[in-house]
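# Geometric and topological summary
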Amino acid sequence: VSVSVSALLASVSLHHTGAPANAQIVHSGEACNVKDDNISERIYTIKEGDTLVLQCIVKGHPRPQVRWTKTAGSASDKFQEKPIFNETLRIESIKRIKGGRYYCKADNGVGVAAIKSIRVDVQYLDVPVLTVHQTISDVRGSYYQEKTVFLRCTVNSNPPARFIWKRGNVLIEQSKDNGVDIYEPLYTQGETKVLKLKNLRPRDFADYTCQVSVRNVCNIEDKSITFRLTNATSPPIIRLSVNDTVVVDPGQDVLLNCEVTAGFPPPTVVWSLYPRSLPLSAQVRGPTLILRAVTLDDAGTYNCTAVNNVGNPARKIVNLVVRTMSNLTFQITPDSNKDSETIQMGRDLKLSCHVDATPQDKVNYTWYKNGAPVFNSESLILLRSDPDMAPGTSSLEIVDMKFRDLATYSCVANFPGSRVPELRVDVNISQNSVSPPLLSVPPGGQVVSVREGGNVELVCLVVDGKPRPPILWSRAEKDLLMPSGTAVMETADGRLRLKNVSRDMMGAYRCQTAPYNGLNIKRRELQVQLNVQFPPILDPVFQDARSRNSQMVTLRCNILRSNPPRLTDIRWFRNGDAIRMPMADLKEMPELKFKLEPTNNGSYECRVSNNAGTSTCTFNVSAQPYNAEFYFDTPNPVRILKGNNYSYNLQWTQKDPEATDRIIGYWINVRKLNRGNAGSGKEPEPGVLISHTISDLKIPLSYEVRLSPITTYSTGDFVSRIIQYSERESYHVCGFENERICGFSQDRSDIFDWTRQNHLTRNPKRSANTGPDTDRSGSKEGYYMYIETSFPRLQGDKARLLSPLFNVSSVRGPKGSGRVPYCVSFYYHMKGKHIGTLNVLLRVRSIASVDSVVWMKSGHQGPEWRKAFFDISPSGPFQIVFEGIRGPSFEGDIAIDDVSITMGKCKQENTCHYCSIYLSFAPSFLTTLTSIISHLLPPTFCSYPLSTVSLTIDI
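Rules used throughout
Residues numbered from 1 in each chain as written. Predicted model: local features only at pLDDT ≥ 70, side-chain atom pairs only at ≥ 80, totals over all residues. Heavy atoms only, no water. Pairing = 2+ DSSP bridges. Helix = DSSP H or I, 4+ residues; strand = E, 2+ residues; numbered from the N terminus. Core = buried A, V, L, I, M, F, W, Y, C linked by side-chain atoms within 4.5 Å. Buried < 20%, exposed > 50% of the residue type's maximum accessible area, 1.4 Å probe, protein only. Contact = heavy atoms within 4.5 Å. Disulfide = S-S within 2.5 Å. Salt bridge = Lys/Arg side-chain N within 4 Å of Asp/Glu carboxyl O. pLDDT = per-residue confidence, 0-100. Polar contact = N/O pair within 3.5 Å; in protein donor to acceptor, adjacent residues only side chain to side chain.

## A closer look at the sheet that holds strand β50 (residues 577–578)
Pairing is mixed in the open sheet, where 5 strands are placed in the order β46-β53-β52-β49-β50. What marks the edges here is a single partner per strand, and that holds for β46 (542–546) and β50. Bridge count between β46 and strand β53 (residues 613–622): 5 bridges; the pairing is parallel. In the strand pairing of β53, Gln543 is matched with Phe619.

## A word on the nonpolar core
The biggest cluster of nonpolar side chains holds 34 residues, and the ones touching the most others in it are Phe826, Phe882 and Ile896. Among the elements that line this core, the one with the most residues is strand β67 (residues 822–830), at 5 residues. Ignoring sequence-local partners within four residues, the contact set of Ile896 consists of Phe736, Trp754, Tyr784, Met785, Leu801, Phe826, Tyr827, Tyr828, Leu838, Trp865 and Phe882. Ranked by size, the runner-up nonpolar core spans 31 residues in total, among them Leu328, Cys353, Ala413 and Ile521.

## As for unusual backbone geometry
Cis geometry marks the peptide bond from Thr358 to Pro359; its omega dihedral reads -5°. For Pro359, the location among the structural elements is in the loop between β29 (349–358) and β30 (364–369). Residue Ser93 is not a glycine yet carries a positive backbone phi of 45°. Take Ser93: it is sitting in the loop between β8 (88–91) and β9 (100–107). The partly exposed category is assigned to Ser93, whose relative accessible area is 36%. Backbone geometry places Asn500, a non-glycine residue, at a positive phi of 50°. Positionally, Asn500 belongs in the loop between β42 (495–498) and β43 (507–513).

## Re the state of the cysteines
Overall, the coordinates contain 8 disulfides when judged by the stated rule. Between the sulfur atoms of Cys153 and its disulfide partner Cys210 the distance amounts to 2.0 Å. Taking the sign of the S-S torsion, about -85° here, the bridge from Cys153 to Cys210 comes out left-handed. You can see Cys153 sitting in strand β12 (residues 145–154) and its partner Cys210 sitting in strand β18 (residues 207–213), a full 57 residues away along the chain. Each sulfur of the disulfide joining Cys734 and Cys742 lies 1.9 Å from the other. Taking the sign of the S-S torsion, about 95° here, the bridge from Cys734 to Cys742 comes out right-handed. By the burial criterion, Cys734 is buried, and Cys742 matches it.

## Some remarks on the environment of Arg748
Tracing the chain through its elements places Arg748 in the loop between β63 (745–746) and β64 (755–757). Given a relative accessible area of 86%, Arg748 falls into the exposed group. A sequence separation of 52 residues divides Arg748 from Arg800, and the C-alpha atoms of the two residues are 8.5 Å apart.

## Some details on the pattern of salt bridges
In the structure shown here, the tally under the stated rule is 40 salt bridges. The salt bridge involving Arg497 is made with Asp493; its shortest N-O contact spans 3.5 Å. With a closest N to O distance of 3.0 Å, Glu883 and Arg800 form a salt bridge. Of this pair, Glu883 sits in strand β71 (residues 878–885) while Arg800 sits in strand β66 (residues 798–802), and the two are 83 residues apart along the sequence. Looking at Arg800, the relative accessible area reads 17%, which means it is buried.

## Quick look at the sheet that holds β66
Read across the open sheet, the 5 strands follow the order β63-β66-β71-β68-β69; overall the sheet is antiparallel. On the outer flanks of this sheet lie β63 and β69 (849–858), each paired with one strand and no other. The pairing of β66 with β71 spans 5 bridges and is classified as antiparallel. Among the inter-strand pairings, Leu801 is bridged to a residue of β71, identified as Phe882.

## Considering the confidence of the model for the protein
Mean pLDDT over the protein stands at 85; residues scoring 70 or higher make up 85%. The weakest mean pLDDT in the protein belongs to strand β1 (residues 12–16) at 42; the strongest belongs to β18 at 97. When the criterion is pLDDT under 50, residues 1–17 qualifies, and its contacts beyond four places in sequence or with other chains add up to 46 contacts. Contacts of residues 809–816 to residues separated by more than four positions or lying in other chains number 15 contacts, the stretch itself having pLDDT below 50.

## Considerations on the side chain of Arg793
Relative to the helices and strands, Arg793 resides in the loop between β65 (784–787) and β66. In this structure the side chain of Arg793 is engaged in a polar contact, spanning 3.4 Å, whose partner is the side chain of Asp797. The contact partners of Arg793, leaving out residues within four places of it in the chain, are Ile751, Phe752, Glu788 and Arg886.

Given below as structure tokens:
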């Protein structure tokens, strides 16, 4: 359906708005208590295991993005920064480590980000732990010993727990028993209490109970633990069936037994593996731990702990070592005293052998010469552990080498008596089999170029030397790691293969001969330069360029980096087609200028190439207007209409309206109604709020609204949002005609509740002399809210009814004031000789929820419904609270109906409509006239003393 522009001019209004982000934190979870700390921060108290729900109520335009973060309040969890981008933070079954300070940060890029914080205090009480400690000391000047027992009770709790000690079922009071002392040890911060039994007496052998309490905060019940003290009470003693260190082969079964030799009560034995949990294959049978077919992962420190809460726990440690052996290497060291790098007759020579093993000190090395075992002699010296080499290295020194020493030497490493396979390495020593290595980089291999994303091979070869050692690769630049993440990479053939090369791999690489599996001499070293080529890096990668038609447009593509730096081509395209233009200067910044017309809108690309590839700057050039931005902080956008309908005040702003042709209107499409509207009273301006009322919406349906700006030549893209019926956002007269009662709710902190009823649902046995017969309109079907003051209600009992939460608009009040006024009006009925008080309170939700009385009425007010209205100017989001207080007896029902909360000041109602003329009447006529007037004039008029009233009478 199309509507003419003129028909909508009156329905679109403009308001200036500046809307940086604003935030407020409210809770809707299972809080025990919410209070304020020094008027600066809210403290949210919750029981461990309950659900935490924090909602960040934000305002601002454009709509702010909300991020939740947390800093913890305990040393075990000093800082957590796990941002959650959501307006509502929900944590199911909250744990104590989740306590701390939570921050809600709202940012929309306008002004300074808004940050609010709330401290979450998680309350908990663990089962206490009771331990017993004994001391025996000599008493000077006497021939006996004094035995003192300390019962130590420790508990983890928040808040700090209160301790109670009992002997049997009798409370222990220090002031009434000289044989006991109750105190708190130093530096325990209230979580420990000690019961000291001095010079133990026979009656001290009994059951002792430590009871802890947090005074029922968050409905946390008390916890307790009991210990029986006897003359046999003693701490645990254990012993192991194995040595402190157990060495086994892979695949063996291991049985560890932790025998309890003393302790009463009988200790409990627990096996653990530090610092991780026991293997899945582990079997614990009482004090015995069985490990089946152990692997290398099962190695570690196993702890056996016996506990009976007497003295200190007994502990034994078993270090389980699983044998392993790998990577057997050798070294040939010429006579180091002569600075020799070759084998020479008449000089010394050392052969070394090393294996990586666990345990390293249990490795046995055996040397062979031409297959025969080698023994110490004047010319052959065996070193089981060479002090000049790495720990665990065995060496064979050949002194004053002769021709008879030229042979094949073998080194065999094994674990004696183990099933771990032995390792063997052979070294051929002859005049032709050993020579220094020579490194070489193939021609053209000093600098290797590769395109980013490709694979490359760096080559550094041992072209001469026997035996040929491995090549170790590293980055020449200090502190740079290899692509594998390690400092060094080993290659057997000297070829370093790199895949998916990136530009951060570019640089110099060092290749060196390894000091093992060859001659142990000065390391040979060369370098290879890796040059990574990549296409030009351009800015912008994408830009949305808007302009008016017939205006000149300039597009620039900046070249930030390029390797190789020499460019090979620059071309411009529109919508994929090449633009014919003179050959571009490859040394100048690419630039394109043209006049924008309706025919040349589209996607422009600047393609810049070098030998490594092509990169593109993309520009979306258009005279199409920017998208509209919905305004989400509209105060009370919903208005109730007749026939179960409602209207919605839709508001938005236009981003950069001057960037394109003049915006002449907007298309509004409402799904289901399928209506299209266009219109604007004036050209949009930056930061101007545009309003349009959408009517004929059905309660309680929701609708999708799509909005698009219109210019002379084009239509912008549609943006959409969901609007929905919400009684919280509506401002209308609430007659409590449905069960939702317009979003009102009962206050959980009062004594009893308000009741919804009408004439037909009243209790037949109700009190006859109190309460209304119908609702305010006189309808028997109409509902109202009232308080029932019959039994079991008592004098002073309160019932509170809370209105929905109203978010105060960011629009300023009249005459530049900072607060927006609201009008509150309602009807009340207070009939009965025992009527108490009806209070109306304003509850402002800010750092702390503050209640203030804004209206009050007490006592009998007559049988009619009476109207009340007043203005409020809240400083933040607010609720209206109706508080009914029960009077001295049961004839005190109070009712309310037709509650209205609207923005703006109340319209004053005149109580006197005519001019005043004073007349004198006879006393009998005045009495009759008084009775007539009391039924004709408004109730507020009749509240004045009759002797001061002047009347106008038409005769």
